[in-house]
Amino acid sequence: MDKLLIRGGRPLQGEVLISGAKNAALPEMCAALLTNEPVTLLNVPRLQDVRTMRKLLDNMGCVTETHGDRGGMSFRAPDSINPEAPYELVKTMRASVLALGPLLARFGRAKVSLPGGCAIGSRPVDQHIKGLQAMGAEIDVEHGYMLARLPPGRTRLKGARIATDMITVTGTENFLMAAALAEGETILENAAQEPEISDLAEMLIKMGARIEGHGSSRIRIEGVERLHGCTHEVVADRIEAGTFLCAVAATGGDVMLRHACAHHLDAVIEKLREAGAEVEALGGPDCEGGPKAHAIHVRSLGARAMQAQSFRTSEYPAFPTDMQAQFMALNCVAKGSSMVTETIFENRFMHVNELTRLGAAIHVDGRVAMIDGVQKLSGATVMATDLRASASLVIAGLVAEGETLIDRIYHLDRGYDQMEEKLRGIGADIERIKS
Ligand code: EPU
């Protein structure tokens, strides 16, 4: 297992190119299952989850290709594919459940493994099942698999009003894709409003789908009989951008994040400004014109010039759970005390024990972490436990005195595109130790 060795204490200076969003690319790769025409995605990040999703599509019999080294990928799902997502792939990536909606909508049947356990919480998929059942699917769970099909005599899912018990991001994405090819109107109440949902909806509209209201909590889809191919550029990865913003705020420095849209990070940027970082949005107040039209400029005098900030994670547009660990790393060395409340996942404080090994003062009570900012962190060997926890350890390592060795960075590789190369490009002393 590869490790990362970081020698902390260097300010970050220069420019970073932010990649396309993992959490948009994954559903958009699955959207290619909705047509037998070629679909091309641009700005696809180079990371492990994308490789796993490609393997999943290849395994079904899709034809997938990469174009050049700038994130171009194309997909074609012939009529003859085997609509099955096996446990061996699903267990390594929960987002595989995103194949369920499109497979069912196009092929009338799907066999998708249940994802099983997850480091950050129990994460059931009951809402996905409930919503697709409302659209007329018959779904049995047998031998660890969801076996989904249309009732005899039906050739398409039917539109429905779906009101989920809680807001679910991949659930909303599954329903959007399924409803695009269903018969009649689907209304999604309590829909997720994340930018990745809007990006998927925009892609589906390019494919011929009829969707209104994406970006709000009520989405209306009028199903069509057939979708066609399209070319679509994946929206910028707001969580990657936010991770770099926290890293610069903590280490000090002056960095331009290119191809990043500030508006998608309003809640995080607001907190960083309150903490004392200078953050400037370039390219206009909204994110129109694609990722390349936008940038974020961040300047900071370092963590000890920052004031720790309390926050509570919640669904978009509030503070994202996917930025909780990284901002907590900043709070560990900022001035003052802070309280961080995690409301989305019940077990998303796995980074706390590792941050404590670096000298952080954190006390966890249930879903609340109390943090007292310390003068300094000191390098140690730590272990990554999940994707965003790994990113928080990288930020802590960049600030800590001496050497920090982060083990199990395969978690980081799942969701960040060349993180250590990008950090080295702005002056970090970080190297990968291959094993
Ligand atoms: N939930 C259920 N039943 C369901 C679906 C969700 O109980 O059927 C619960 C979950 O257990 C959780 C809450 O609802 O407590 C919200 O989960 P959601 O379904 O929104 O999460 P997700 O769709 O599985 C996506 C991202 C996550 C991100 C969350 C929340 C992708 C591929 N994954 O997961 O990203 O944390 O939304 O914003 O889009 C990451 O990138 O590190 C990551 C974990």
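For the structure, check the block above.
A brief look at the structure comes next.

The rules behind the values
- Residues numbered from 1 in each chain as written.
- Predicted model: local features only at pLDDT ≥ 70, side-chain atom pairs only at ≥ 80, totals over all residues.
- Heavy atoms only, no water.
- 1 Å grid on protein atoms, 1.4 Å probe; cavity = no way out; pocket = protein on both sides within 12 Å on 5 of 7 lines; lining within 4 Å.
- Points joined across faces, edges and corners; volume = space filled by probe spheres on them.
- Helix = DSSP H or I, 4+ residues; strand = E, 2+ residues; numbered from the N terminus.
- Nonpolar A, V, L, I, M, F, W, Y, C, P; charged D, E, K, R; others polar.
- Pairing = 2+ DSSP bridges.
- Axes fitted to C-alpha atoms, helices over the stretch in contact; angles between N-to-C directions.
- Contact = heavy atoms within 4.5 Å.
- Core = buried A, V, L, I, M, F, W, Y, C linked by side-chain atoms within 4.5 Å.
- Buried < 20%, exposed > 50% of the residue type's maximum accessible area, 1.4 Å probe, protein only.
- Phe/Tyr/Trp six-rings, centres within 6.5 Å; stacked < 30°, edge-to-face > 60°.
- Near = heavy atom within 4 Å.
- Polar contact = N/O pair within 3.5 Å; in protein donor to acceptor, adjacent residues only side chain to side chain.
- Areas by Shrake-Rupley, 256 points an atom, 1.4 Å probe, with all protein chains shown as cover.

## A closer look at empty space enclosed by the protein
On inspection of all chains with the given rule, the structure shows 2 cavities of 30 Å³ or more. Counted as a void, the largest cavity has a volume near 50 Å³. Around the largest cavity, the lining residues are I162, T164, T168, T172, F175, L188, E189, N190 and A191. Those elements that place two or more of their residues in the lining of the largest cavity are α6 (169–180) and β11 (185–189). Its residues assigned to classes, the lining of the largest cavity shows 4 nonpolar, 4 polar and 1 charged. The computed volume of the second largest cavity comes to approximately 30 Å³.

## Structural notes on the sheet that holds strand β13 (residues 219–222)
Pairing is mixed in the open sheet, where 4 strands are placed in the order β10-β11-β13-β12. Unpaired on one side and paired on the other, β10 (161–163) and β12 (210–212) mark the two borders of the sheet. Strand-to-strand twist of the sheet, defined as the mean angle between neighbouring strand axes without regard to direction, takes the value 15 degrees. Direction of pairing for β11 relative to β13: antiparallel, over a ladder of 4 bridges. Within β13, the position partnered with E185 by the bridge is E222. Against the sheet, α6 touches β10, β11, β12 and β13, its axis set at about 25 degrees to β13.

## Digging into the nonpolar core
In this structure, L176 and L204 are the most contacted members of the largest nonpolar core, which totals 77 residues. Excluding anything up to four places from it in sequence, L176 contacts L188, I197, L200, A201, L204, I211, I219 and I221. Grouped together as the second largest cluster of nonpolar side chains are 72 residues, L265, A396, I409 and M419 included.

## Focus: the packing of aromatic side chains
Between two aromatic rings, the relevant description is the distance of the centres plus the angle of the planes. This model, assessed by the stated rule, comprises 3 aromatic pairs. Between F311 and F319 the ring centres are 4.0 Å apart and the planes differ by 25 degrees, which places this aromatic pair in the stacked class. Summarising the burial analysis for this pair, F311 and F319 share the class buried. When the ring of F319 is compared with that of F327, the centres are 5.7 Å apart and the planes differ by 80 degrees; the resulting orientation is edge-to-face. In this structure F327 comes out as buried when scored by relative accessible area, which is 0%. Members of the aromatic cluster, connected to one another through ring pairs, are F311, F319 and F327.

## Observations concerning unusual backbone geometry
The step from Y316 to P317 runs through a cis peptide bond, and the omega angle for that step is 15 degrees. Here P317 shows up in the loop between β18 (311–312) and α10 (324–333). Within the chain, N43 stands out as a residue other than glycine whose phi angle is a positive 65 degrees. Tracing the backbone shows N43 in the loop between β3 (39–42) and α2 (48–60).

## Description of the site of the ligand
Lining the immediate environment of the ligand, one finds 22 residues, of which D126, T168, T170, D322 and I344 sit closest. Within the contact set of the ligand, a nitrogen atom lies 3.2 Å away from a backbone nitrogen or oxygen of P124. Between the ligand and T168, the relevant distance is 2.7 Å, taken from an oxygen atom to a side-chain nitrogen or oxygen of the residue. Protein coverage of the free-state accessible area of the ligand, which is 830 Å², stands at 88%. For the shell around the ligand, the elements supplying multiple residues, two or more each, are α1 (22–31), α5 (126–134), α6 and α12 (387–399). Here the residues of the shell around the ligand sort into 10 nonpolar, 6 polar and 6 charged.

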